[in-house]
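The chain contents come next:
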Amino acid sequence: MSEQVYKSNIGYGPRGEYFHYVVVKNGCITGFGEEQGNYAGGIYAAPDHQENRFLTEKEVLKEHYPELYEQIKDIPLAKVYRPQNHALYKPKGKAGEYAPWAVNFYTGCSNDCDYCYCKRGVFSRVWSNEPRLKKCFKDEKDALDVFEKEFYYRYCREDLRRSGIFFSFTTDPLLPTTGGLTLDAVNIARRKGVPSSILTKRADGALLFVECYATLVREYDPFRQGFDNLAIGFTLTGHDELEKGASTNEERINAMRYIHSLGIKTFASIEPVIDFQSAEAVILCTLGFCDLYKIGLLSGSKKPDYLTLVRFVEDMSQKIADSGAKVYWKDSITKALDGAILVHPVVVESDYSLFNPHKCRK
């Protein structure tokens, strides 16, 4: 059935002529909208976003635009969209400590890291050394469509706009297979001013992503770089032999240096800490072009020597502070310190945002 549009009578206001309208498709109301003079207008309530307004708008028309209401009073509302969290979701547990909102399109990863938590536990039954689109998606186009619907349903949430979206917990989002879909999703978020943080072990993928992203931004606004709402992070352990399919740690550090020089926010995930010497080395190599460090111990590893850990935490906190960056010590480290809290201006909580550093997640 073709789409139909029912319009109210034309009125007049400060912006010129205006009218309200109702969109009907397949026998159901799918949107309420308005056009008003030199204001472009458009749909302001639809079943895939603005749920409350969509459900009440029919009664609003009855009161304020009775002639339009008479035309559509017997037409049912379309089914209200309910997000299934297939793409955009709120992580829980250790993942929730890392980011309040995340996107997973794929499971599996060609980095083939020996310590990868996804190879064990709940993800092990669907894990592979090549990324595969999650079974809930028909194809990449469907995955992007699902993300867009879930995103538009939630993008007005304060915590989403403040902290942004994290890519990704179940694959490397900048592999040759995964990078294209990551770029498309980040671009959707960018157009609504929602920030994106991307964590990778692929220097080549990060550099290609930044190049493609900059091209998209220039097409949208040639006078802006558009990097305000983007952060690129690299996992750094100092142990290339444990990350056989990834770029070397040196390549990642060089990519971080270049990306930071473009004005893009950067962060480092020093997790897992394989040994304190290697962790210290990669931190010292990135001081000055890394804005935030997130540091945690290897899951399931033996509890480190207490005094050695204390010295590491105190020394790295001071060096990171001297560089002008911030550090978040993950729960695995604070628990190993028996709950001791390091009081230092450089230390931030899990809800710290590179995009809005002075606000806290509610």
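Just above sits the structure.
To start, this report covers the structure provided alongside it. (Residues numbered from 1 in each chain as written. Predicted model: local features only at pLDDT ≥ 70, side-chain atom pairs only at ≥ 80, totals over all residues. Heavy atoms only, no water.)

Regarding the pairing of strand β11 (residues 196-200)
Then comes step 1: In terms of burial, β11 is a largely internal element, five of the five residues being buried.
Then comes step 2: Burial along β11 is two-sided: the residues S196, I198 and T200 and S197 and L199 are all buried.
Then comes step 3: This β-α-β element, strand β10 (residues 165-167) to helix α6 (residues 179-191) to β11, shows right-handed connectivity.
Then comes step 4: Relative to strand β12 (residues 230-235), β11 is paired through five bridges, and the arrangement is parallel. Paired with L199 across the bridge in β12 is G233. (Buried < 20%, exposed > 50% of the residue type's maximum accessible area, 1.4 Å probe, protein only. Helix = DSSP H or I, 4+ residues; strand = E, 2+ residues; numbered from the N terminus. Right-handed = clockwise from strand over helix to strand, strands pointing away. Pairing = 2+ DSSP bridges.)

Description of the side chain of D172
Then comes step 1: You can see D172 is positioned in the loop between β10 and α6.
Then comes step 2: There is no salt bridge for the buried D172, and the closest opposite charge comes from K201, which lies 6.1 Å off by N-O distance.
Then comes step 3: Of note is the side chain of D172, whose polar atom sits 3.0 Å from the backbone nitrogen of L174.
Then comes step 4: For D172, the residues in contact, after removing those within four places along its chain, are C109, N111, T178, L199, T200, K201 and R202. (Lys, Arg positive; Asp, Glu negative; His and termini not counted. Salt bridge = Lys/Arg side-chain N within 4 Å of Asp/Glu carboxyl O. Polar contact = N/O pair within 3.5 Å; in protein donor to acceptor, adjacent residues only side chain to side chain. Contact = heavy atoms within 4.5 Å.)

Remarks on helix α10 (residues 306-323)
Then comes step 1: Relative to the 26 Å expected for 18 residues at 1.5 Å per residue, α10 spans 26 Å between its end C-alpha atoms, a close match to the ideal helical length.
Then comes step 2: Those residues of α10 that sit buried are L309, F312, V313, M316, S317 and I320. Projected onto a plane normal to the axis of α10, the buried residues spread over an arc of 120° and lie on a single side. For α10, exposure combined with an orientation more than 90 degrees from the buried face picks out L307, R311 and D322.
Then comes step 3: Among the residues trailing α10, G324 stands out with phi positive, at a value near 90°. (Expected span 1.5 Å × (residues − 1). Arc of directions from axis to C-beta.)

Structural notes on the pairing of strand β3 (residues 16-25)
Then comes step 1: Inspection of the sheet shows strand β1 (residues 4-7) paired to β3 by four bridges, in the antiparallel sense. Pairing of Q4 across the sheet is with V24, part of β3.
Then comes step 2: Relative to β3, strand β2 (residues 11-13) is paired through three bridges, and the arrangement is antiparallel. In the strand pairing of β3, G11 is matched with Y18.
Then comes step 3: Hairpin connection, β2 to β3: the antiparallel pair is bridged by two residues.
Then comes step 4: Once β3 ends, the chain turns through two residues before running back antiparallel as strand β4 (residues 28-36), passing N26 with a positive phi of about 55°.

Re the sheet that holds β10
Then comes step 1: The sheet built from eight strands is open, its strands ordered β6-β7-β10-β11-β12-β13-β14-β15 with mixed pairing. Where the open sheet ends on each side, the last strands, each with one partner, are β6 (88-89) and β15 (326-329).
Then comes step 2: The strands that helix α8 (residues 249-261) touches are β12 and β13 (265-273); relative to β12, the one it contacts most, it runs at about 165°.
Then comes step 3: Each of β13 and β14 (292-297) touches helix α9 (residues 276-286); the most contacted strand, β13, lies at about 175° to it. (Axes fitted to C-alpha atoms, helices over the stretch in contact; angles between N-to-C directions.)

Structural notes on the packing of aromatic side chains
Then comes step 1: As enumerated under the stated definition, the model contains 16 aromatic pairs in all.
Then comes step 2: With a centroid separation of 4.7 Å and an interplanar angle of 40°, the aromatic rings of F166 and F169 are classed as tilted. No difference in accessibility class separates F166 from F169, as the two residues are buried.
Then comes step 3: Their ring planes at 40° and their centres at 4.9 Å tell us that F276 and F312 sit as a pair that is tilted. With F276 in helix α9 and F312 in helix α10, this residue pair connects regions lying 36 residues apart in the sequence. In this pair, the class of F276 matches that of F312, namely buried.
Then comes step 4: An aromatic cluster of at least three residues, connected via ring pairs, comprises F105, F137, F147, F151, Y152 and Y155. (Phe/Tyr/Trp six-rings, centres within 6.5 Å; stacked < 30°, edge-to-face > 60°.)

Quick word on α9
Then comes step 1: Within the sequence span of α9, burial applies to F276, S278, A279, V282, I283 and T286. With its buried residues spanning 165° around the axis, α9 presents them on a single face.
Then comes step 2: Contact partners of the buried residues in α9: α8, β13, β14 and α10.
Then comes step 3: Capping the start of α9 is the job of one residue whose side-chain oxygen sits 3.2 Å from the backbone nitrogen of Q277: D275.
Then comes step 4: Phi turns positive one or two residues past the end of α9, at G288, with a value near 105°.

Looking at the environment of G41
Then comes step 1: One can find G41 in strand β5 (residues 39-45).
Then comes step 2: Sequence spacing of G41 and Y18 is 23 residues, and the spatial spacing of their C-alpha atoms is 9.3 Å.
Then comes step 3: For G41, the residues in contact, after removing those within four places along its chain, are E34 and E35.

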